[in-house]
Amino acid sequence: MSVALFTLGGTIAMAGIGPGERPVVTRLTGADLLAAVPGLDTAGEELDVRDALAVPSADLTYRRLLDVVDAASRAVAGGATGVVVTQGTDTLEETAYLADLVWPNAAPLVVTGAMRNPTLAGADGPANLLAAVRVAASAEARDLGVLVVADDEIHAARWVRKTHSTSTATFASPNAGPLGHVAEGRVRLLTRPPRHAPLPSVDPERLDATRVALHTVTLDDDGWLLDGLADRRHGLVVAGYGVGHVPSALAPVLGALTDRMPVVLTSRTGAGPVLRHTYGAVGSETDLQRRGLVNGGLLDPYKAVVLLRTLLAAGAGRDEVADAFARHG
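I will try to describe carefully the structure that is included in this document. (Residues numbered from 1 in each chain as written. Predicted model: local features only at pLDDT ≥ 70, side-chain atom pairs only at ≥ 80, totals over all residues. Heavy atoms only, no water.)

### Regarding the side chain of His 155
Then, in step 1: Topologically, His 155 is positioned in strand β8 (residues 153-156).
Then, in step 2: Residue classification places His 155 among the buried residues on the basis of a relative accessible area of 1%.
Then, in step 3: Separated by 2.8 Å, the side chains of His 155 and Ser 173 make a polar contact.
Then, in step 4: In this structure His 155 touches Val 146, Leu 147, Val 148, Val 160, Phe 171, Ala 172, Ser 173, Pro 178 and Leu 179, once residues within four positions along its chain are discounted. (Helix = DSSP H or I, 4+ residues; strand = E, 2+ residues; numbered from the N terminus. Buried < 20%, exposed > 50% of the residue type's maximum accessible area, 1.4 Å probe, protein only. Polar contact = N/O pair within 3.5 Å; in protein donor to acceptor, adjacent residues only side chain to side chain. Contact = heavy atoms within 4.5 Å.)

### Overview of the side chain of Thr 81
Then, in step 1: Counting through the fold element by element, Thr 81 comes out in the loop between α2 (62-77) and β5 (82-86).
Then, in step 2: Given a relative accessible area of 19%, Thr 81 falls into the buried group.
Then, in step 3: If we skip the residues at most four places from it in the chain, Thr 81 touches Met 1, Ser 2, Ala 107, Pro 108, Ala 136, Ala 137 and Arg 142.

### A word on the packing of aromatic side chains
Then, in step 1: Considering all chains together, one arrives at 0 aromatic pairs under this definition.
Then, in step 2: The ring of Trp 159 has Arg 158 sitting right over it, with the charged end atom 4.5 Å from the ring centre.
Then, in step 3: Over the ring of Tyr 62 we find Arg 309, and its NZ or CZ is 4.0 Å from the ring centre. (Phe/Tyr/Trp six-rings, centres within 6.5 Å; stacked < 30°, edge-to-face > 60°. Lys NZ or Arg CZ within 6 Å of the ring centre and 35° of its normal.)

### Quick look at empty space enclosed by the protein
Then, in step 1: On inspection of all chains with the given rule, the structure shows 2 cavities of 30 Å³ or more.
Then, in step 2: Taken as a whole, the largest cavity spans an internal volume of roughly 90 Å³.
Then, in step 3: In this structure, the largest cavity is lined by Tyr 97, Asp 100, Leu 101, Leu 144, Gly 145, Arg 158, Arg 195, His 196, Ala 197, Pro 198 and His 328.
Then, in step 4: Partitioning the lining of the largest cavity into residue classes produces 5 nonpolar, 3 polar and 3 charged.
Then, in step 5: By volume, the second largest cavity is sized at about 60 Å³.
Then, in step 6: In terms of lining residues, the second largest cavity is bounded by Leu 65, Val 68, Val 69, Val 85, Gln 87, Thr 95, Ala 96, Ala 99, Leu 109 and Val 111.
Then, in step 7: Only α2, α3 (92-102) and β6 (109-112) provide two or more residues apiece to the lining of the second largest cavity.
Then, in step 8: For the lining of the second largest cavity, a count of residues per class yields 8 nonpolar, 2 polar and no charged. (1 Å grid on protein atoms, 1.4 Å probe; cavity = no way out; pocket = protein on both sides within 12 Å on 5 of 7 lines; lining within 4 Å. Points joined across faces, edges and corners; volume = space filled by probe spheres on them. Nonpolar A, V, L, I, M, F, W, Y, C, P; charged D, E, K, R; others polar.)

### Things to note about the layout of surface pockets
Then, in step 1: In this structure, the largest pocket spans a volume of roughly 330 Å³.
Then, in step 2: Taken together, 17 residues make up the lining of the largest pocket; nearest its centre are Leu 60, Tyr 62, Glu 94, Val 306 and Arg 309.
Then, in step 3: At the level of elements, α2, α3, β13 (212-216) and α8 (301-313) are the ones that each hand at least two residues to the lining of the largest pocket.
Then, in step 4: Per-class residue counts for the lining of the largest pocket are 9 nonpolar, 5 polar and 3 charged.

In structure tokens:
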């Protein structure tokens, strides 16, 4: 069995800070990462290491990530049992979800990273990498799409969230819990959710040209930040209060925007669904849907942005957007 490893930088690959007024971060190669993992040489997997990008996850883009996904697909076509991608954790929940939307293979693509760099006591990168390799090589992980492995937990990309800025247990799936664990070197799956069919491939140039805004609703929000938005963006995701509410003064502003772009309603809470027909006041979920907003379901605002931008870049209209969110949300 062979596993292809693509390294993209991030905390897991930070070896230290160089001296001087303008410090330089020393980055580890894939070979360096593997050399620091106890037990990997006896795990039984052959590793094909590819240093793809040495950038912080804050500098990853849709195009860069999809290039890695394409290369990972070619690795699978060439015989790889599975794929591991290491990257920074700042955007990992978004990049993993983007990869999951388009990943066409039964072989697992596993994304992992670290919260503590290798120079710190208790660095979590080696353990996360070892667990990720074991998951990528396992028959149990096939047909689950893109997975995130960290802290010996296995999460579905479509549900995982980064929930803490520093904790090594930062990754969680508030709506579903982990799919399984890695214990004593063994991959243990507790549940197997059905996969969504991958979205059609997207022209990278159209993806670059397609832009989606995210507006988080705050107390006494009157929507002035949305003035002129339809001239600058192709879609909008709204992170509303609770189950999908906004101030009554904001409701007509959002309704007017639906005449010019798809507007998706999500919850800013981080867990739980947007409701559909429980509340009826102005600014409620029922009122906003009547005004044309698309219900985002269980998708958090960040994943909703990824899905909406990918759909619009593929030429989806409002009805197609609504249908896609009904499936994925």
